[in-house]
Amino acid sequence: MPNITDLSSQDIIRTHKISQTNELGTRINTLQLLRFLAAFTVIITHSGFYISERLIPGFIFWSNGARGVDLFFVISGFVMIASTRSFVGTKWDWRRFFIHRCVRIIPLYWMVTTVKAIILTVTGAVALHAQFSIGTFLASILFFPQYNKDGNIEPLLGVGWSLNYEMFFYVIFSLALLLRVRPTIFVGLTLVFLSLLPNEGFTGIASAIFYTNSISLEFLLGMLIAEFGLTARRWPLWGGIGLSAGLISLYGSWAWADPLPRFITCGVPAMLVVLGAIHLEPLLGKRLPRSILYLGDASYALYLVHPLVAPGGPALLAKLGLIQPLVSIFLSLSLALVAGSVVHSLYDQKITKWLRGRLIERGLW
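Reading the values: rules and limits
- Residues numbered from 1 in each chain as written.
- Predicted model: local features only at pLDDT ≥ 70, side-chain atom pairs only at ≥ 80, totals over all residues.
- Heavy atoms only, no water.
- Helix = DSSP H or I, 4+ residues; strand = E, 2+ residues; numbered from the N terminus.
- Buried < 20%, exposed > 50% of the residue type's maximum accessible area, 1.4 Å probe, protein only.
- Contact = heavy atoms within 4.5 Å.
- Areas by Shrake-Rupley, 256 points an atom, 1.4 Å probe, with all protein chains shown as cover.
- Core = buried A, V, L, I, M, F, W, Y, C linked by side-chain atoms within 4.5 Å.
- Salt bridge = Lys/Arg side-chain N within 4 Å of Asp/Glu carboxyl O.
- Axes fitted to C-alpha atoms, helices over the stretch in contact; angles between N-to-C directions.
- Parallel < 35°, antiparallel > 145°, perpendicular 65-115°, else oblique.
- Left-handed = near helix turned anticlockwise from the far one by under 90°.
- Nonpolar A, V, L, I, M, F, W, Y, C, P; charged D, E, K, R; others polar.
- Lys, Arg positive; Asp, Glu negative; His and termini not counted.
- Patch = residues over 30% accessible without salt bridge, like charges linked within 9 Å, V, L, I, M, F, W, Y side chains within 5 Å.
- Expected span 1.5 Å × (residues − 1).
- Arc of directions from axis to C-beta.

Visitor: I would appreciate a short explanation of the overall build of the protein chain in the present structure.
Guide: Looking only at helices and strands, one finds 15 helices and two strands in the protein chain. Residues classed as buried in the protein chain amount to 52% of the 365 residues present. Long-range contacts, defined here as pairs at least 24 residues apart, represent 78% of the contacts in the protein chain between residues at least 6 apart. For the protein chain, the computed accessible surface area is about 16300 Å², with 69% contributed by carbon and sulfur atoms.

Quick look at the structure:
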């Protein structure tokens, strides 16, 4: 699921004004908490899913954790507006923005996708929902939507579907900067237009079906928070109410909402969560433990790496003949947290720092 994409703390709001009378400072710690929450709930849901496939067929698991992807999308829309205010309108602002996003997203995604491709070629039986081919590999690393062997629109690394939306959002945002138009208006009109197209008219065309899905409007919801949802004064009480209501709506089960589009049933609650968390920053921001802030930074790695390691929990128990779903979930979560943290510290942070250094030398950063 997606997911979703992490944005490093260095990217977040360096004294960029969110409204005419307010600044958020250098870092919003509550957003780091939300990033970790989004990744963690996705991993919980997938841990249950892996049990149903590898340990207890038909196992009923909590599926609403997948909505962490919606939270990622809203956060992404918010941060893209907030973190670009200092260079919008400057020379090559669109190129700078797009390079920043590519450096943050591509190296880790390409690495994990390559590892998944190697796994598929060595032992295809381990991966239950993907099949390697040169075409699917190239489409995956180029963020081009495609059908997998199950008939779902997913890349080789299943959770990468959310990154296809992220990169599409970045392309439209970059185009707005290139054309010197207000990103919120340009991106908003583009996404609304695409979401209004008749989805059923594109049967069999993966990219058309994919990009006309209204879930992309969740980026716009985040952008609207940055544009209009903040005031000079923080309101912790209303922030707490909004955060609580948003979390209950986002992760709860609402049968009445099923016929509605996902950007309404999940995107609007995610919007409340993000808005509430921002208003709680003065109260909670400095009280959050470093471990949570680190895991927020590592959430992108947690999200991408966990499908490679988390299935090992139920697979191991199945070999041992131990039918213990709670133990399986614990093992999957532990493997995901350890592997994701290691990859974040030893690869993601280092390769990002190295690329930034090379681009600074060439005047491209």
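Visitor: Which parts of the structure should I look at to understand the nonpolar core?
Guide: By size, the foremost hydrophobic cluster in this structure holds 73 residues, and its most contacted members are Leu34, Leu71, Phe78, Phe173, Val274 and Leu304. Ranked by residue count, the leading element in this core is helix 2 (residues 68-82), at 11 residues. Core analysis: the second largest hydrophobic core is formed by six residues, Ala117, Leu120, Phe137 and Ile141 among them.

Visitor: Even after reading the chapter, I still don't get the pattern of salt bridges, so can you show me in this structure?
Guide: Any two side chains of opposite charge can pair, so long as their charged atoms come close to each other. If you walk through the whole model with that rule in mind, you get five salt bridges. With a shortest N-O distance of 3.1 Å, Asp93 and Arg180 are connected by a salt bridge. A residue pair is termed long-range when its members are at least 10 positions apart, and Asp93 in helix 3 (residues 93-122) and Arg180 in the loop between helix 5 (161-178) and helix 6 (183-196) qualify at 87 residues. Overall, Asp93 belongs to the buried group, its relative accessible area being 1%.

Visitor: Help me out: how do you make sense of the packing of helix 3 against helix 5 in this one?
Guide: One way to put it is that helix 3 packs onto helix 5 with a least axis distance of 8 Å and a crossing angle of 165 degrees. Classed by the angle they form, the pair helix 3 and helix 5 counts as roughly antiparallel. Like other packed secondary-structure pairs, helix 3 and helix 5 cross with a definite hand, here left-handed. Of helix 5, the residues touching helix 3 (which contributes Asp93, Trp94, Phe97, Phe98, Arg101, Cys102, Ile105 and Tyr109) are Leu163, Met167, Tyr170, Val171, Phe173, Ser174, Leu177 and Leu178. Residue composition of the contact of helix 3 with helix 5, by class: 13 nonpolar, one polar and two charged.

Visitor: I would appreciate a short explanation of the packing of helix 12 (residues 290-297) against helix 13 (residues 299-309) in the present structure.
Guide: Any two packed helices are characterised by the angle at which their axes cross and by the distance between the axes. The N-to-C vectors of helix 12 and helix 13 enclose an angle of 60 degrees; their axes lie 4 Å apart at closest approach. In this view, helix 12 runs oblique relative to helix 13, as classed from their interaxial angle. For the pair helix 12 and helix 13, contact is made by Leu295, Gly296 and Asp297 and by Ser299, Tyr300 and Leu302, respectively.

Visitor: Any chance you could explain the side chain of Glu218 here in plain terms?
Guide: Counting through the fold element by element, Glu218 comes out in helix 8 (residues 217-228). Despite its burial, Glu218 remains without a salt bridge, the nearest opposite charge being carried by Arg262 at 4.7 Å. In contact with Glu218, not counting residues within four places along its chain, are Asp70, Phe73, Val74, Arg262, Phe263, Cys266 and Gly267.

Visitor: It is not clear to me how a nonpolar patch on the surface should be interpreted in this structure. Could you clarify?
Guide: The grouping of Ile134, Leu138, Leu142 and Phe144 at the surface amounts to a nonpolar patch, some 430 Å² of accessible area in total. Relative to the helices and strands, Phe144 resides in the loop between helix 4 (134-141) and helix 5.

Visitor: When you look at helix 2 in this model, what are you seeing that I'm missing?
Guide: For the α-helix, the turn length of 3.6 residues means that residues three or four positions removed from each other point alike. Helix length check: helix 2 (15 residues) gives 21 Å between terminal C-alpha atoms against 21 Å at 1.5 Å per residue, within 8%. When you tally the buried positions in helix 2, you get 15 out of 15 residues, the bulk of the element.

Visitor: Could you clarify how one ought to interpret helix 6 in this entry?
Guide: Over its 14 residues, helix 6 extends 20 Å from the first C-alpha to the last, a length consistent with the 20 Å expected when each residue adds 1.5 Å. Among all positions of helix 6, only Pro183, Thr184, Val187, Gly188, Leu191, Leu194 and Ser195 are buried. Down the axis of helix 6, the smallest arc covering the buried residues is 135 degrees, so these residues share one side. Turned more than 90 degrees away from the buried face of helix 6 sit Leu189, Phe193 and Leu196, all of them exposed.

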